[in-house]
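# Coordinates in review
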Amino acid sequence: MNTRHLNTVWAVLLLATLATWAIGEIGDQLGIAGPLAMFLLLTISFVKGRLVVLDFMGLRGVKFFWRGLLIGWLLLVSALIAIAYWIALK
C-alpha cells in the first residue's frame with residue numbers, strides 16, 4: 001500500500017465526516033431529513049467503515065474470508081440500524 005493511496009483514503013474519510021456533520025447540523029435547511037438523512041448517513045458510514053477495513057486495517061490484499069467477515073459485519077450492523085429506524089417510523 002503506498003502513501004499516496006492512504007492519503008487519498010484519508011481525505012475521503014475527512015470529506016465523508018464533514019458530510020455527516022452537515023447532514024446532522026443543517027440537513028433540515030438543505031431539505032435532507034427523515035428517511036433520506038438516515039439512508040445517506042448509513043451509506044456514508046458503510047463506505048467509511050469499508051475504507052477503514054480494507055485500507056487502514058490492511059485487509060485489501062488478504063483472503064476473501066477475512067474481508068467478507070468484516071464487510072459482512074458492517075452490512076449486518078447497517079441493516080439492523082435501518083430496520084430499527086423503519087420500525088420506529090410505524
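Here, the structure is the one placed above.
Small disclaimer: the values here were computed from a predicted structure and weren't measured.

### A few points about the packing of helix α2 (residues 35-56) against helix α3 (residues 64-89)
Between α2 and α3, the shortest axis-to-axis distance is 10 Å and the interhelical angle comes to 165°. The angle between α2 and α3 places the two elements in the roughly antiparallel class. Between α2 and α3 the crossing geometry is right-handed. Contact residues: α2 offers P35, M38, L42, F46, G49, R50, V53 and L54, while α3 offers R67, L70, I71, L74, L75, S78, I81, A82, Y85 and L89. Grouping the amino acids of the contact of α2 with α3 by side-chain chemistry returns 14 nonpolar, two polar and two charged.

### Considerations on a nonpolar patch on the surface
On the surface, W10, L14, V52, F56 and M57 cluster together into a nonpolar patch covering about 500 Å² of accessible area. Within the residue set of the nonpolar patch, elements represented by two or more residues are α1 (3-30) and α2. Along the chain, V52 turns up in helix α2.

### Points about the pattern of salt bridges
Any two side chains of opposite charge can pair, on the condition that their charged atoms come close. Using the criterion set out here, one finds one salt bridge in the structure. A salt bridge links R60 to D55, with the shortest nitrogen-to-oxygen separation between them at 2.9 Å.

### Brief notes about the nonpolar core
If you look at the biggest cluster of nonpolar residues, it comprises five residues: A16, I23, I32, A37 and I44. Those elements that place two or more of their residues in this core are α1 and α2. When residues no more than four places from it in sequence are discounted, the contact partners of I32 are I23, G27, A37 and L40.

Calculation notes
Residues numbered from 1 in each chain as written. Predicted model: local features only at pLDDT ≥ 70, side-chain atom pairs only at ≥ 80, totals over all residues. Heavy atoms only, no water. Axes fitted to C-alpha atoms, helices over the stretch in contact; angles between N-to-C directions. Helix = DSSP H or I, 4+ residues; strand = E, 2+ residues; numbered from the N terminus. Parallel < 35°, antiparallel > 145°, perpendicular 65-115°, else oblique. Left-handed = near helix turned anticlockwise from the far one by under 90°. Contact = heavy atoms within 4.5 Å. Nonpolar A, V, L, I, M, F, W, Y, C, P; charged D, E, K, R; others polar. Patch = residues over 30% accessible without salt bridge, like charges linked within 9 Å, V, L, I, M, F, W, Y side chains within 5 Å. Areas by Shrake-Rupley, 256 points an atom, 1.4 Å probe, with all protein chains shown as cover. Salt bridge = Lys/Arg side-chain N within 4 Å of Asp/Glu carboxyl O. Core = buried A, V, L, I, M, F, W, Y, C linked by side-chain atoms within 4.5 Å. Buried < 20%, exposed > 50% of the residue type's maximum accessible area, 1.4 Å probe, protein only.

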